[in-house]
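The chain contents come next:
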Amino acid sequence: MSATSQKFRGAQALYEALKTNSILTTLAFSGNSIGEIGAQALSGALKINPTLITLYLDDNSIGENGAQALSDALKTNLNLTTLDLESNSIGDAGAQALSEALKINSTLITLDLTENSIGVNGAQALSEALKINSTLTDLRLGNNSIEDNGAQALSEALKTNSTLTTLNFSDNSIGDDGVQALSEALKINSTLATLVLEENSIGDDGAQALSEALKINSTLTALNLAGNSIGDDGAQALSEALKINTTLATLILKNNSIGYNGAQSLSEALKINSTLKTLNLTGNSIGDDGAQALSEALKIISTLASLVLEDNSIGYDGTQALSDALKTNLNLTTLDLESNSIGDAGAQALSDALKINFTLTDLNLARGSIGDTGARALSEALKINSTLTDLCLGNNSIEENGAQAVYDALKTNSTLTTLNFSGNSIGDDGVQALSETLKINSTLATLVLKENSIGDDGAQALSEALIINSTLITLDLTDNSIGVNGAQALSEALKINSTLAKLVLEYNLIGCNGTQVLSEALKTNSTLTTLDLESNSIGEKGAQALSEALKINSTLATLILEDNSIGYDGTQALSEALKTNSTLTDLYLGNNSIEENGTQALSEALKTISTLTTLDFNGKSIGENGAQTLSEALRTNSTLTTVTLTGNSIGDIGAQALSEALKINSTLTTLMLWDNSIEESGAQALSEALKTNLTLTTLNLSANLIGENGAQALSEALKINTSLINLNVAGGWIGDNGAQALSEALKINTSLTNLYLGTNNIADNGAQGLFEALKINSTLTMLDLRSNSIGDNGAQVLSEALKSNSTLTLLELWLNKIGDNGAQALAEALKTNSTLTSLDLHRNSIGDNGAQALSEALKTNSGLTTLNLRENPIWLKGLLAFCEVPMTNSTLTALDLRDNSISNKVAEALSEAIKAKLALTILDLGYNAVGDEGAQALSESLKTNSSLTILYLWSNSIGDNGAQALSEALKINSTLTTLALENNSIGDAGAQALSEALKTNSSLKILDLQNNLIGDDGLLSLSEALKTNSTLTTFYLWSNLIGDYGAQALSEALKTNSTLSILDLQCNLIGDDGAKALCEALKLNSTLTTLDLESNSIGGDGARSLSEAIEINSTLTSLNLRTNSIGSNGIYMLSKALKTNTTLTTLYLRSASIGSYEAQVLREALETNLTVTMFDLQSYSIGENGAQVLSEALETYMTLTTLYLWRKLGVNSDASSDISDSRR
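The shown structure was predicted, so the numbers you read here are calculated from the model rather than taken from an experiment. (Residues numbered from 1 in each chain as written. Predicted model: local features only at pLDDT ≥ 70, side-chain atom pairs only at ≥ 80, totals over all residues. Heavy atoms only, no water.)

Draft legend 1. Layout of the overall build of the chain. Scanning the chain for helices and strands turns up 45 helices and 43 strands. Expected size for 1224 residues packed as a compact globule is a radius of gyration near 33 Å; at 32 Å, the chain falls within 12% of this value. When the backbone C-alpha atoms are referred to their principal axes, the chain occupies close to 90 × 70 × 70 Å. When each of the 1224 residues of the chain is scored for burial, the buried share is 62%. Partitioning the contacts of the chain with sequence separation of at least 6, the portion at a separation of at least 24 is 88%. Entry remark: accessible area of the chain is about 40,200 Å², with carbon and sulfur atoms responsible for 46%. Of the side chains in the chain, 68 bear a positive and 136 a negative charge, and the two mean positions are spaced by 3 Å. (Helix = DSSP H or I, 4+ residues; strand = E, 2+ residues; numbered from the N terminus. Rg over C-alpha atoms; globule rule 2.2 N^0.38 Å. Buried < 20%, exposed > 50% of the residue type's maximum accessible area, 1.4 Å probe, protein only. Contact = heavy atoms within 4.5 Å. Areas by Shrake-Rupley, 256 points an atom, 1.4 Å probe, with all protein chains shown as cover. Lys, Arg positive; Asp, Glu negative; His and termini not counted. Charge placed at Lys NZ, Arg CZ, Asp CG, Glu CD.)

Pasting the structure below:
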């Protein structure tokens, strides 16, 4: 019996029962793929059932016929008040049927039709019903391609309707015209309380229309305008309305283009308004001045309870102003300042406010550049404050001392329930202090400690706390250094703890032994529902242990095992467990070594299990046989929604097998088939399946050579299919004919939103066809055409389309032979288009004329946030034109001008623009000719700029003078997090200047000085800075003439530095003495995870020292010793260290003279080491014996996932075969 038949029979039986049941009031049948037949059966029951009030049928593929059947039931049913039909592909015909029912029905109150492709016709039909219906209060129409015409029809209905209180209109491309129509209705309507207009391409004109309506309307309480293109003018108009309006309580303006002037206007309105309780301005650019203006309002207003200012370029001045306001404000309960540059001084100011304020409950200070000083200040406030429940301090620069202060405060604090401390550097000592607090604290429920350099000692301390603690529900320890001992300790805690429901341990060092002890805990634990062990090298034995636990455990619902070196044996064990387990719904197995046999085992399990929804087979080499086996399972399985088969070589035969399953399966929504050797016949088979399949929303066929015939087949399917949203055929070589075929489909299709067509040999003709379709299509939001040949002619046709298209937001056109004419055409479109947010034109042939045209367009454009013009032949005139853009444009946040002949003159002009208050956060000027003068100009702008976070200046002929100027800026700037100065001419004087800046700067996290002339003296200065700097995490010093003396200086810094995690010293002059010095630091350092010493002069003695260090060090995960001269003794010592080291996962020993003896030594190490996953042993002399020795090790060592052995191995085919067989 097919899966569909089974589902129908189950549904039929249930519906027969409903006909006589007189007790049931709520039925939730979401995500069951009952289809139109099931809906028809249910319709019959609804005509008779006397009690059912609430019915959830979202995501059931009922289609228009199912909707029509339910509509018939609604005409006679007298009880149902709530009907949820979200994501059911009912189309305009289904909406029309429901409209007829609504004209008669007198009980339905809530109707959810989100994501159903009802279009303009469906909206018009519903509008007619709303003019008559007198009971419906809540109507949800999000993501339905309704557009301005549909909005106008609904607006007419709202003028007379007297019952609707909530209307969700999000993501419908209604634009300014549509919102103007709605505004006219709001002037008359007297019942609507909530209006959601998120992501609708609304600009200042639309905001002004809404403003006029709000001055008159007296019922609307919530207005959501997030993700539109409202600027200062629109904000000013809304502010005028707020001065008069007396009902609006919630206003969401997230991700618009509001700057200081808009914030100033809103502030003036808030001083007068007496009803607004929530204001969300996330992702705008109000800056310090805007924050200060709002603060003045907070001192006066008495109603606002929630203020969200995330990512708004607010620094100390703005934070100080807000803090002063909090001292007197008595109503604000939520303040979100994430991703602003608060700093220690700002934290101190907030702390002073918290000691006095007794209303704030939620405070978000993540990514605020707060260090120990700021944390200590906040801790003092926590000892006194009695209202704060949720505090987020993630991704700051808080170390042990700051953490200790916060934990001491928690011992007495009795209100905080959530603490996010991720991305700091508290280490084991910090977490031990926290654990002592957890033994006492009785309120904390959620604790996030991601990326905190926590090892086994820290895990053991937490475990002791968990045995006693009875309130913690969620514990996140992602990306730390917890090994077997730490897992053992946590396991003991899980056997006793009775509250923890979610434990996240991904990216630790738990291995198979640690997994085994955790599995024992799962056999008795009865509270844990989610366990995440991604990237922990658990191997076959770990998977087998978990399988035994799953046979007994009855609570775990989600198990994440991606990237864990699990092969057939582990997969077989898990498959057996799934046959009996009745609770697991999500299983992630991506990036393991499952292959065909493992796939077959899982497929057999899938035929019987009834809970699993997600299966990841990424890169498993299952082949066509595995795909056929999986296909058989999918025919009967009724729970899986997502299957990932990337990189599996299933071929056309495998694709054909899966296609047959798709014709029957009615639950799968996502199918990833990237890089699978599928050609046109496989694509044709999948296309046939899409014609009848009603559930698949995402299909990825990229890197498969489907050709034009495959594209034509998919096109025919898209004309019929109404469920597919995402289609990726990049790298399919479909050509112009294939593109033209797809364009015909786009004219008809009403569901597709994302289309990937990169690297497909599409030229003018194919592009013209696609762009003509864009004039008609009203659903596509993302189009990727990278690496084709659309040229100027194609760009000109595209331009005409963009003038009328109102849905496309992201357009990828790089490497497409577009010149000035094409750029000029696109510029004309940008002057009127208000929906496109991202445009990538890099590696085309755009010159000065094209650049000038684009610059002019950006002065008036209010939607574009990202523009990439990298590697175009733009010269002085074009670049100078771009320098004027930031002064008037308030939306552009990312500008890429890499490799465009930028001189110091252009840099000076650009600097003047950067000084202005602007939205730009990322600026890429790499591979230009900025020079010292340009760097000096840029540095002046950085002293006042408060928005830029990333600045790329690599390959720009910047010398010591330029570096000195930039250093002066870094002493003042508090927002820049990444500075790339690679491949310049900075010497020791420049390095010394940078070091002085690093001593005081509190925001920079990544500094790239590769390929300069720093030398030992320069590094000595930088090392002194590292002793006190507490923010830098990544430092690139590749190719800088650094020798032993410099390495020794750096070593002294590493002994005390507690933030640096990545250090790149490759291609320098470091010998054994320098290596020995670095090793002494490694014995003490607890934060460094990656050390790159490739291409230095390290010999056997240096390798010996490194071996001693990694025997002690517990944080280093990657060590690169390629192209050194460590010799046999060095290999021996490193192998010995690997036997005890439990953290190192990646070791590069390329060109290290590894022969058969060294291979034997490494084999012995591999047999005991449980963490190394990547080994690079490329050399000249392993030989047959060495290859055979390694093969024997691989037969038992299942943690290793990557082994490099090429470059004149000196082995014959038999020895190579030995290695291959062992790896399998």
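Draft legend 2. Looking closely at the side chain of Thr 135. Mapping Thr 135 onto the fold places it in the loop between α5 (119–130) and β5 (138–140). Owing to a relative accessible area of 17%, Thr 135 belongs among the buried residues under this scheme. What Thr 135 contacts, discounting residues up to four positions off in sequence, is Asn 105, Ser 106, Thr 107, Leu 108, Ile 109 and Thr 163.

Draft legend 3. Inspection of unusual backbone geometry at higher detail. Phi is positive for Glu 199, close to 50°, though the residue is something other than glycine. Among the secondary structure elements, Glu 199 is positioned in the loop between β7 (194–196) and α8 (204–216). Residue Glu 199 is classed as partly exposed on the basis of its relative accessible area of 43%.

Draft legend 4. Looking closely at the environment of Glu 240. Structurally, Glu 240 can be placed in helix α9 (residues 232–244). Take Glu 240: its relative accessible area is 38%, and that puts it in the partly exposed class. Sequence separation of Glu 240 and Leu 266 is 26 residues, and the distance between their C-alpha atoms is 8.3 Å.

Draft legend 5. Expanded view of the side chain of Ser 687. By secondary structure assignment, the location of Ser 687 is in helix α25 (residues 680–692). Judged by relative accessible area, Ser 687 falls into the buried class, the value being 1%. A polar contact of 2.7 Å, which involves the side chain of Ser 687, links it to the backbone oxygen of Ala 683. Excluding residues within four positions of it along the chain, Ser 687 makes contact with Gly 710, Ala 713, Leu 714 and Ala 717. (Polar contact = N/O pair within 3.5 Å; in protein donor to acceptor, adjacent residues only side chain to side chain.)

Draft legend 6. Spatial organisation of the environment of Ser 106. Within the secondary structure, Ser 106 sits in the loop between α4 (91–102) and β4 (110–112). With a relative accessible area of 47%, Ser 106 lands in the partly exposed category. For the pair formed by Ser 106 and Lys 775, sequence separation is 669 residues and the distance between their alpha carbons is 41 Å.

Draft legend 7. Summary view of α4. Compared with the 16 Å implied by 1.5 Å per residue over 12 residues, the 17 Å span of α4 between its first and last C-alpha is a close match. For α4, the buried fraction is high: nine of the 12 residues fall into the buried class. What α4 keeps buried is the set Gly 91, Ala 93, Gly 94, Ala 95, Ala 97, Leu 98, Ser 99, Ala 101 and Leu 102. Buried residues belonging to α4 abut α3 (63–76), β4 and α5. (Expected span 1.5 Å × (residues − 1).)

Draft legend 8. Just the pattern of salt bridges, in detail. Evaluation of the coordinates by the stated rule reveals 42 salt bridges. Between Glu 812 and Arg 786 there is a salt bridge, with its nearest N and O atoms 3.9 Å apart. One end of the pair, Glu 812, is in strand β29 (residues 810–812); the other, Arg 786, is in the loop between β28 (782–784) and α29 (791–804), and 26 residues separate them in sequence. Looking at Glu 812, the relative accessible area reads 13%, which means it is buried. A relative accessible area of 29% means that Arg 786 is categorised as partly exposed. When the shortest N-O distance is used, the salt bridge between Lys 803 and Glu 800 registers 3.1 Å. Note that Lys 803 and Glu 800 are positioned in helix α29 at a spacing of three residues, about one turn of the helix. (Salt bridge = Lys/Arg side-chain N within 4 Å of Asp/Glu carboxyl O.)

Draft legend 9. Spatial organisation of the nonpolar core. With 325 residues, the main nonpolar core has Leu 197 and Phe 771 as its most contacted residues. Discounting residues that sit within four places of it in the chain, Phe 771 has contacts with Leu 783, Leu 785, Ile 790, Gly 794, Val 797, Leu 798 and Ala 801. (Core = buried A, V, L, I, M, F, W, Y, C linked by side-chain atoms within 4.5 Å.)

Draft legend 10. Quick peek at the packing of aromatic side chains. Counted under the stated rule, the structure contains three aromatic pairs. An angle of 45° between the planes, with centres 5.7 Å apart, marks the rings of Tyr 407 and Phe 421 as tilted. Of this pair, Tyr 407 sits in helix α15 (residues 400–410) while Phe 421 is found in the loop between β15 (418–420) and α16 (427–440), placing the two residues 14 residues apart along the sequence. Take Tyr 407 and Phe 421: they sit in the same class, and that class is buried. Between Tyr 952 and Trp 954, the aromatic rings sit 5.0 Å apart at their centres with planes inclined by 25°, giving stacked as the arrangement. Judged by its relative accessible area of 23%, Tyr 952 is partly exposed. Here the aromatic cluster, defined as three or more aromatic residues joined through ring pairs, consists of Tyr 927, Tyr 952 and Trp 954. (Phe/Tyr/Trp six-rings, centres within 6.5 Å; stacked < 30°, edge-to-face > 60°.)

Draft legend 11. Structural detail: a nonpolar patch on the surface. On the surface, a cluster of nonpolar side chains totalling about 270 Å² of accessible area is made up of Ile 467, Ile 468 and Ile 496. The residue Ile 496 is located in helix α18 (residues 484–496) in this model. (Patch = residues over 30% accessible without salt bridge, like charges linked within 9 Å, V, L, I, M, F, W, Y side chains within 5 Å.)

Draft legend 12. Structural context of helix α42 (residues 1127–1138). When the terminal C-alpha atoms of α42 are compared, their 17 Å separation across 12 residues agrees well with the 16 Å that a helix rising 1.5 Å per residue should span. Those residues of α42 that sit buried are Gly 1130, Ile 1131, Met 1133, Leu 1134, Ser 1135, Ala 1137 and Leu 1138.

Draft legend 13. Structural context of the environment of Ala 801. With respect to the helices and strands, the residue Ala 801 is situated in helix α29. For Ala 801, a relative accessible area of 0% translates into the label buried. In sequence terms Ala 801 and Leu 770 are 31 residues apart; their C-alpha atoms lie 9.6 Å from each other. Apart from residues no more than four positions distant in its own chain, Ala 801 is found in contact with Phe 771, Leu 774 and Lys 775.

Draft legend 14. Region of the structure containing the packing of helix α17 (residues 456–468) against α18. Interhelical geometry of α17 versus α18 gives an angle of 5° and a closest axis separation of 8 Å. Comparing their axes, α18 and α17 come out roughly parallel. Of the residues in α18, those touching α17 at Asp 456, Ala 459, Gln 460, Ser 463, Leu 466 and Ile 467 are Val 484, Asn 485, Gly 486, Ala 489, Leu 490, Ala 493 and Ile 496. Classifying every residue of the contact of α17 with α18 gives eight nonpolar, four polar and one charged. (Axes fitted to C-alpha atoms, helices over the stretch in contact; angles between N-to-C directions. Parallel < 35°, antiparallel > 145°, perpendicular 65-115°, else oblique. Nonpolar A, V, L, I, M, F, W, Y, C, P; charged D, E, K, R; others polar.)

Draft legend 15. View of the packing of helix α28 (residues 764–776) against α29. At a closest axis distance of 8 Å, the pairing of α28 and α29 adopts a crossing angle of 5°. The orientation of α28 with respect to α29, classified from their angle, is roughly parallel. Touching Asp 764, Ala 767, Gln 768, Phe 771, Glu 772, Leu 774 and Lys 775 of α28 are Gly 791, Asn 793, Gly 794, Val 797, Leu 798, Glu 800, Ala 801 and Ser 804, all from α29. For the contact of α28 with α29, the per-class residue count stands at six nonpolar, five polar and four charged.

Draft legend 16. Seen up close, the state of the cysteines. Within the structure shown, the criterion is met by zero disulfides. Cysteine Cys 1067 is unpaired, with the sulfur of Cys 1079 as its nearest cysteine sulfur at 19 Å. Judged by relative accessible area, Cys 1079 falls into the buried class, the value being 1%. (Disulfide = S-S within 2.5 Å.)

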